[in-house]
Amino acid sequence: MILSIVAIQDADILTKLREGIAGLRWQDGRVSAGTTAREVKRNEQAVMNDPAGRAMRDAVTPHIAENVVVKAAARPRQISAPMIARTGVEGHYGAHVDNAMMGAGNARLRTDISFTMFLTDPDEYAGGELVVHAAGMTQSIKGKAGELVLYPSTSIHEVRPVTSGMRVVCVGWIESQIRNPAHREMLFDLENLRASLRQNLPTGAAELLTIDKTIANLLRMWGEA
């Protein structure tokens, strides 16, 4: 499942994030890439362990971790600390697949879902599309600032070359409580159905109780604590 979510709508928040980006220090993006991906990665990555980087991380994390659609679609068990990446003219990230495991120690997680949150608008740069290659289809995505895209970490994906301007995004990974992507999608469909029913049925309606029971029991069946 590839899902696009409006994570940040407030223009003032986006302005503050831009101000934070201006204060970041940058390094070669290949420092965080795996052996194969390193050969096709040409971008820069913000230093996230200094005061400016930690402030940016604290600013963007709630818009991902607390987003109700992310919670329903991804069922996060753990979310990686987000990273900020920028890609300038001639920069790109060639076709690759993310490492199956990321991080170390208590922060180590299985990469079930990758996310990209756009921090610059499409008209600020040319090229730079996120391209996800799924079975039987290829999807090209160039979102507005504040738009968050979830896509399977199992997929081959790439960032097309930037030909003008600067592309800035926040990226990271999610380990889901629901390992099977088909099961996650079914639960997401049921959550959307439950939300619709709640708008049209009284509290305690038999239909709502039934869907509550079904979602809870599927979580028991498929979930990892």
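The text that follows walks through the structure, step by step, so that each part is easy to find. Here the structure is a predicted model, which means the values were calculated and not measured. Each chain carries its own residue numbering, running from 1 in the written order of its sequence. This being a predicted model, a pLDDT of at least 70 is required before a residue's local features are given, and a value of 80 or more before pairs of side-chain atoms are given or counted; all residues contribute to the totals for chains, interfaces and linings. Hydrogens and water are ignored here; the side-chain numbers use all heavy atoms of the structure.

## Concerning the packing of helix α1 (residues 11-22) against helix α3 (residues 51-65)
In helix packing, the relevant descriptors are the interaxial angle and the interaxial distance, both defined with respect to the helix axes.
Part 1 of the argument: Each axis is a line fitted through C-alpha atoms, taken for helices only over the stretch in contact, and angles between the N-to-C directions span 0 to 180 degrees. Every helix listed is a DSSP run of H or I at least four residues long, and every strand listed is a run of E at least two residues long, numbered separately from the N terminus. At a closest axis distance of 10 Å, the pairing of α1 and α3 adopts a crossing angle of 145°. Both α1 and α3 take part in a crossing whose hand is left-handed. Each of Ile 13, Leu 17, Gly 20 and Ile 21 in α1 lies in contact with α3, whose residues at this interface are Met 56, Ala 59, Val 60 and His 63.
Part 2 of the argument: Lys, Arg, Asp and Glu make up the charged group, whereas Ala, Val, Leu, Ile, Met, Phe, Trp, Tyr, Cys and Pro make up the nonpolar group; the residues left over, Gly among them, are polar. Looking at the contact of α1 with α3 residue by residue, the classes come out as six nonpolar, two polar and no charged. By definition, turning the near helix anticlockwise from the far helix through less than a right angle yields a left-handed crossing, and turning it clockwise yields a right-handed one. When checking whether two residues touch, look at their non-hydrogen atoms; a contact exists if any pair is within 4.5 Å.

## A look at the packing of helix α5 (residues 181-200) against helix α6 (residues 206-222)
Part 1 of the argument: It is at 10 Å that the axes of α5 and α6 come closest, and there the two elements cross at 160°. Here α6 runs roughly antiparallel to α5, going by the angle between their axes. At the point where α5 passes α6, the crossing takes the left-handed sense. Mapping the contact onto sequence places His 183, Met 186, Leu 187, Leu 190, Glu 191, Leu 193, Arg 194, Leu 197 and Arg 198 in α5 and Leu 208, Ile 211, Asp 212, Thr 214, Ile 215, Leu 218, Leu 219 and Trp 222 in α6. Between 65 and 115 degrees an angle is taken as roughly perpendicular, under 35 as roughly parallel, over 145 as roughly antiparallel, and anywhere else as oblique.

## Quick word on the environment of Phe 115
Part 1 of the argument: With respect to the helices and strands, the residue Phe 115 is situated in strand β10 (residues 113-118).
Part 2 of the argument: Spatially, the C-alpha atoms of Phe 115 and Cys 170 are 8.0 Å apart, while their sequence positions differ by 55 residues.

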